[in-house]
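# Chain and residue survey
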Amino acid sequence: MESSLKRNSLFLRREFMRALFPVMLSVLGGTVNTLIDSAFVSRRLDADALAAVSLNMPLFLVLCMVGCLFGVGSFVAASRSLGHNDEEKAKAYYHTAFLLSVIVSIFFIAAGLFFSGQVADLLCRDDNLQDMVEDYCKITLLGALPYILVYIPTYFLQLNGRSKAMTVMMAIMIGTDILFDWLMMYVFDMGIAGAAEASVLSTLFATLYGLCILQSRSSIFRFSLRHFRFRQVKNILLFGSSSAFGSLLDVVRMLVLNMIIYAVGGTPALALWAVINSMLELSLAITAGVPRTAAPMLGIYLGGHDNEGVRGLMGLQMQAGIAQSTIFAIIIIVFHQPIGLLFKLEQSVLVPFICLGIAVVLETACSVLGSYYNVAKKVFLSNLVMFMRTFVFELVLAHIMYIKEWLIWLFLPLSMLLTLLVTVLITRLMAAKTKGKEHELSSFLLLDDYLEKNNKVKGFSIMSSNEGICKASEDISLFCTENGMDRKKGMRLGLALEEVMTVMVRKSLEKDDDPVDVRIYSMEETIGVSIMCSGKRYNLFQEAMDSEDDFNMGVQMIEKLSKDCHYTYTLGMNILTVEF
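Residues numbered from 1 in each chain as written. Predicted model: local features only at pLDDT ≥ 70, side-chain atom pairs only at ≥ 80, totals over all residues. Heavy atoms only, no water.

### Focus: the overall build of the chain
This is how the line gets drawn: Secondary structure elements follow DSSP: runs of H or I no shorter than four residues count as helices, runs of E no shorter than two count as strands, and numbering proceeds from the N terminus. Here the radius of gyration uses the C-alpha set of atoms, whereas the globule reference equals 2.2 Å times the residue count to the power 0.38. Using a 1.4 Å probe on the protein chains alone, a residue whose accessible area is under 20% of its type maximum counts as buried, one over 50% counts as exposed, and one in between counts as partly exposed. It only takes one pair of heavy atoms within 4.5 Å for two residues to be counted as in contact.
What the chain contains, in helices and strands, is 22 helices and 5 strands. Radius of gyration (C-alpha) of the chain: 26 Å, near the 25 Å computed for a compact globule of 580 residues. Seen through its principal axes, the chain has C-alpha atoms that stretch 85 × 50 × 40 Å. The 580 residues of the chain split such that 60% are buried. The long-range share in the chain, meaning contacts at least 24 apart out of those at least 6 apart in sequence, stands at 78%.

### Some remarks on the environment of K6
If you trace the backbone, K6 turns up in the segment before helix 1 (10-44). Distance in space between the C-alpha atoms of K6 and A198 is 53 Å, their sequence separation being 192 residues. If we skip the residues at most four places from it in the chain, K6 touches G459, F460 and S461.

### Section: helix 9 (residues 163-187)
The condition that has to hold: Between the first and last residue of a helix there are one fewer steps than residues, each counted as 1.5 Å, and that sum is the expected span.
Between its first and last C-alpha atoms helix 9 spans 35 Å; for 25 residues at 1.5 Å apiece the expected length is 36 Å, and the two agree. Phi turns positive, to about 50°, at D189, one or two residues after helix 9.

### Focus on the sheet that holds strand 3 (residues 526-534)
The line we're drawing: Any two strands with at least two DSSP bridges between them are considered paired. Axis angles are defined between N-to-C directions and span 0 to 180 degrees, where every axis is a line fitted to C-alpha atoms and, for a helix, only to the segment in contact.
The antiparallel open sheet is built from 5 strands, whose spatial order is 1-2-3-5-4. Because the sheet does not close on itself, it has two edges, and the strands there are strand 1 (457-463) and strand 4 (564-570). Sheet twist, expressed as the mean angle between neighbouring strand axes with direction ignored, is 15°. Sheet analysis places strand 2 (residues 515-523) next to strand 3, joined by 7 bridges and oriented antiparallel. Of the residues in strand 3, the one forming a bridge with V518 is I531. Set on the sheet, helix 20 (residues 487-508) makes contact with strand 2, strand 3 and strand 5 (573-579); between it and strand 3 the angle comes to about 20°.

### What to know about unusual backbone geometry
Of note in this structure, D189 is not a glycine but carries a positive phi near 50°. Its location among the elements puts D189 in the loop between helix 9 and helix 10 (191-214). The backbone of F444 sits at a positive phi, close to 75°, despite the residue not being glycine. Of note, F444 is situated in the loop between helix 17 (411-433) and helix 18 (450-453).

### Considerations on the packing of helix 8 (residues 151-159) against helix 9
Packed helix pairs are characterised by how far apart their axes lie and by the angle those axes make with each other. Convention followed: Throughout, the term roughly parallel applies to angles under 35 degrees, roughly antiparallel to angles over 145, roughly perpendicular to angles from 65 to 115, and oblique to all others. Ten residue types, Ala, Val, Leu, Ile, Met, Phe, Trp, Tyr, Cys and Pro, are classed as nonpolar, four, Asp, Glu, Lys and Arg, as charged, and the remainder, Gly among them, as polar.
At a minimum axis distance of 8 Å, the contact between helix 8 and helix 9 shows a crossing angle of 155°. Relative to helix 9, the element helix 8 is oriented roughly antiparallel. In this structure, helix 8 uses P153, T154, L157 and Q158 to contact helix 9, whose residues at the interface are A165, M166, M169 and M170. Split by residue class, the contact of helix 8 with helix 9 holds 6 nonpolar, 2 polar and no charged.

### Some details on empty space enclosed by the protein
The criterion, for reference: A 1.4 Å probe that fits into a set of points on a 1 Å grid over the protein atoms alone but cannot get out defines a cavity; an open set with protein on both sides within 12 Å along at least five of seven lines defines a pocket, and lining residues are those with an atom within 4 Å of a point. Grid points are joined across faces, edges and corners, and a volume is the space filled by probe spheres set on the points.
Applying the stated criterion to the full structure yields 3 cavities of 30 Å³ or more. Lining the second largest cavity are E15, R18, A19, P22, V23, Q158, G161, R162, S163, M166 and L571. Contributions of two or more residues to the lining of the second largest cavity are made by helix 1 and helix 9. Residues of the lining of the second largest cavity, tallied by class, amount to 5 nonpolar, 3 polar and 3 charged.

### Here we look at the packing of aromatic side chains
Note the threshold: Pairing of aromatic side chains requires ring centres within 6.5 Å, counting the rings of Phe and Tyr and the six-membered ring of Trp. Pairs whose planes differ by under 30 degrees are stacked, by over 60 edge-to-face, and all others tilted. Ring-over charges, as used throughout, are those where CZ of Arg or NZ of Lys falls within 6 Å of the ring centre and within 35 degrees of the ring normal.
Scanning the model with the defined rule gives 10 aromatic pairs in all. Put simply, the rings of F75, Y151 and Y155 pair up and form one aromatic cluster. Lying over the aromatic face of Y155, R292 brings its terminal NZ or CZ to 4.2 Å of the ring centre.

### Quick look at the packing of helix 11 (residues 233-287) against helix 13 (residues 307-334)
The test is simple: With the far helix as reference, a near helix turned anticlockwise by less than a right angle produces a left-handed crossing, and one turned clockwise produces a right-handed crossing.
With their axes 10 Å apart at the nearest point, helix 11 and helix 13 run at an angle of 155° to one another. Overall, the two elements helix 11 and helix 13 adopt an arrangement that is roughly antiparallel. Every pair of crossing elements has a handedness; the one defined by helix 11 and helix 13 is right-handed. Mapping the contact onto sequence places M279, L282, S283 and I286 in helix 11 and G321, Q324, S325, F328 and I332 in helix 13. Grouping the constituent residues of the contact of helix 11 with helix 13 by class yields 5 nonpolar, 4 polar and no charged.

### Some words on the pattern of salt bridges
What counts here: Here, a salt bridge means any Lys or Arg side-chain nitrogen found within 4 Å of an Asp or Glu carboxyl oxygen.
Going through the model one piece at a time under the given rule, you end up with 7 salt bridges. Here R311 makes a salt bridge to D449, at a shortest N to O gap of 2.8 Å. With R311 in helix 13 and D449 in the loop between helix 17 and helix 18, this residue pair connects regions lying 138 residues apart in the sequence. When its relative accessible area of 13% is taken as the criterion, D449 is described as buried. A salt bridge links E467 to K471, with the shortest nitrogen-to-oxygen separation between them at 3.6 Å. Taken together, the positions of E467 and K471, both in helix 19 (residues 466-482) and 4 residues apart, correspond to about one turn of that helix.

### Some thoughts on the environment of E308
Here E308 is to be found in helix 13. Spatially, the C-alpha atoms of E308 and L425 are 23 Å apart, while their sequence positions differ by 117 residues. Setting aside chain neighbours within four positions, we find E308 in contact with R7, E452 and G459.

Shown next as structure tokens:
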């Protein structure tokens, strides 16, 4: 008898879209600060000041690199741990990354106190800009703690399913930055130093808010030193290396591109480059926000060997990312003139913005792939994509396009296009090497479909109605008997899971038409069932211990039949995994 139940994208799409815009806003917080500071500097001061902001960008990227190293590394490692139902290890990653961020920040603050002049000399060789660059540099280094630490609450609020708190956190960052920029530059007339201080203070307030939310009773990441594990540092550095490597390349890239663009067009070209960088920072809401939304979900699906879910999630990322980046490109091209006037640029920005718009669309695809390879533990491939995208092709093409000022901006889209083409070629070659083998890898995503080809895994979606749950119970019983379980035991198991699913969805979901994803797999003499539904947190194993309701019998039967039971609540989802 063949089941009629199939996997659909309803649950996956709903959970992805529910998290997408809060995550994009969280990315937008820091990027909008750069845009706001640039706008205030250009309006209040002049093109030289705007150029000084651009020259300080490598220093800001160094702090981003460290923040990404600890933030992204712990975030990906924790999501994979939750995918393996190990909540304690996820907590250890959070606490270890938090303390590492604080320790490293102290060294940057010391550099701000004693070596800001020397750092400014490395960033700028123009005597006319030197003082402004040093002022901005010193304050940026003294504000290293919030700049680095902000990544921790930003990522872990997402993992904790607190999307509203993420939105509030970023609203605080953006709102206070506008307020402080106005106060520092117009009321207190502090010049470029005022813009730097405004950015530091707004990031500090947002970070404190996020950390306070993570201390709430409902959070699984409440701070406690007993969760610190020095042995977790290795995995944090491993999973964070791709993002940190990208930020490090950005530092070198910015230093070299600043020199090239200054040589081509002087201070006016450097001011235009500062505006392009502001637009690029704004586009990070899409190019970084889309893959970051999917990263923890990918960690859960990859941890559970759910290739179908992985493919669905990658498709959703490409659809949402390409659509939004195309809209972004159209907006900046159509409104190129008002944007140029906002920053008081005298030259036309049409050609540079056309190049920028195309580049953003292509960069979105590159970022989605790079993030996926990192979560999938193909870190070398992730770093290679990053290396090609942000370093090799951009610098080579910028040198080639050096002959004319308007032509130089072509390095933006062409570098992204070449990265995509080379990535496709490399992954096809890697997949071709496994062709004909038992564990053959798929092209592009390099997934091992051994379980799917041998009917050892099945995923399907149901609605949270009685009818849907009954059909799921029948499918689970059928799969178990087809994979070697005794028929009577399979029926008992299906009935027990039916009772458990009924209680789980009734307590956590509000409506009968909410989607639920179920996955059954058979690996190494183990049959496992994973049930995922959104809604409020409900640990039925804990509730069964504290309650005398009838559903205790179903839970007791599951615990008696199974060799392992796990419940986790992450990304606003209840995930129940039972292995037999």
